[in-house]
Amino acid sequence: MSDNRQSLSDLGALAGGAAAAPAPAAASTAPAADADYTAQPSQPPQPEAPLREQQLDKFGRAYATGRRKDAVARVWLKPGTGRITVNGRDQEVYFARPTLRLVINQVFDITERRGQYDVVATVTGGGLSGQAGAVKHGISQALTRYEPALRTTVKRAGFLTRDPRVVERKKYGKAKARRSFQFSKR
């Protein structure tokens, strides 16, 4: 069976209107399996992932939705001084625990963008821990929409994946999801 592979220059000749004859097969002493590698020209190295387009609204902000447990965060990101506002309050006021603020700023730390973007977020549902996770997820999504080149860094850290763990439902005949009522002998 003959191999009818064509190179890009052959396709260019076809597009120009000239019918190009297929290139004659080069005789080689290598086995047929290795002929595929010698027939094709070497290609320049490709980037790891295709670069996506920047997605901005009419005000120049990137928008994304983040979710964690029962919390849902709507996040807008724009260049600024590093101010993070959650539900109209500063992040130090809304998330009083330093660990929750650390969770939110993880994205900026791994991308080395701390203090370069202003974030406005509105969060509903869940507790403070879930809300902090939702804001982190939203910031990660919005940052990759504003700077698509950062997507691989953020994705490798696992920040673009929504954490699927949620509270297990309570079952009938049990005190909680799996906890049984206290057993009494007498």
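It should be noted that the structure appears before, not after, this text.
Throughout what follows, the structure given in this document is the object of discussion. (Residues numbered from 1 in each chain as written. Predicted model: local features only at pLDDT ≥ 70, side-chain atom pairs only at ≥ 80, totals over all residues. Heavy atoms only, no water.)

Our next topic: the packing of aromatic side chains. In the structure shown here, the tally under the stated rule is 4 aromatic pairs. Arranged with centres 5.1 Å apart and planes meeting at 45°, the rings of Y63 and W76 form a pair that is tilted. With Y63 in strand β1 (residues 62-68) and W76 in strand β2 (residues 71-79), the pair connects residues that are 13 residues apart, well separated along the chain. According to the relative accessible area criterion, W76 is buried, its value standing at 18%. Ring geometry for Y94 versus F95: centroids 5.0 Å apart, planes at 85°, classification edge-to-face. When its relative accessible area of 13% is taken as the criterion, Y94 is described as buried. The structure contains a cluster of three or more aromatic residues connected by ring pairs, namely F108, Y117 and Y146. (Phe/Tyr/Trp six-rings, centres within 6.5 Å; stacked < 30°, edge-to-face > 60°. Helix = DSSP H or I, 4+ residues; strand = E, 2+ residues; numbered from the N terminus. Buried < 20%, exposed > 50% of the residue type's maximum accessible area, 1.4 Å probe, protein only.)

A few words on the pairing of strand β5 (residues 117-124). Strand direction decides the pairing type here: β2 and β5, joined by 8 bridges, are antiparallel. Residue pairing across strands places R74 opposite T122, the latter belonging to β5. Bridging between strand β3 (residues 84-86) and β5 involves 3 bridges; their strand directions are parallel. Following the sheet pairing, T85 is matched in β5 by V120. (Pairing = 2+ DSSP bridges.)

Quick look at unusual backbone geometry now. Non-glycine residue N87 carries a positive phi angle of around 50°. Structurally, N87 can be placed in the loop between β3 and β4 (89-90). Judged by relative accessible area, which is 31%, N87 ranks as partly exposed. The phi dihedral of E112 is positive, around 55°, even though this residue is not glycine. Turning to its location among the elements, E112 is positioned in the loop between α4 (98-110) and β5.

Let us now look at the nonpolar core. In terms of nonpolar packing, the biggest core is built from 29 residues, with L77, F95, V135 and I139 touching the most fellow members. For this core, the elements supplying multiple residues, two or more each, are β1, β2, β3, α4, β5 and α5 (128-146). No other element matches α5, which puts 7 residues into this core. What L77 contacts, discounting residues up to four positions off in sequence, is R61, A62, F108, Y117, D118, V119, I139, A142, L143 and Y146. (Core = buried A, V, L, I, M, F, W, Y, C linked by side-chain atoms within 4.5 Å. Contact = heavy atoms within 4.5 Å.)

Here T111 lies in the loop between α4 and β5. Taking the relative accessible area as the measure of exposure, T111 reaches 4% and is therefore buried. One polar contact links the side chain of T111 to the main-chain carbonyl oxygen of F108, over a distance of 3.4 Å. (Polar contact = N/O pair within 3.5 Å; in protein donor to acceptor, adjacent residues only side chain to side chain.)

A few words now on the sheet that holds β5. Taken in spatial order, the 5 strands line up as β1-β2-β5-β3-β4 in an open sheet, and their pairing is mixed. The sheet is open, and its two edges are formed by β1 and β4, each paired on a single side. Each of β2, β3 and β5 is contacted by α4, which is oriented at about 145° to β3, the strand it contacts most. Running at roughly 150° to β1, α5 makes contact with β1, β2 and β5 of the sheet. (Axes fitted to C-alpha atoms, helices over the stretch in contact; angles between N-to-C directions.)

To continue, consider the side chain of T85. Looking at the secondary structure, you find T85 in strand β3. Overall, the relative accessible area of 17% leaves T85 in the buried class. Leave out the neighbours within four places in its chain, and T85 touches V119, V120 and A121.

Moving on to the packing of α4 against α5. Relative to each other, α4 and α5 sit at 10°, their axes nearing to 9 Å. The pairing of α4 with α5 is recorded here as roughly parallel in orientation. The segment α4 lies against α5, with L100, V103, I104, Q106, V107 and F108 engaging L128, S129, A132, G133, V135, K136, I139, S140 and L143. Along the lines of polarity and charge, the residues of the contact of α4 with α5 split into 10 nonpolar, 4 polar and 1 charged. (Parallel < 35°, antiparallel > 145°, perpendicular 65-115°, else oblique. Nonpolar A, V, L, I, M, F, W, Y, C, P; charged D, E, K, R; others polar.)

It is worth stressing that arrangement in space is one thing and function is another; only the former is reported here.
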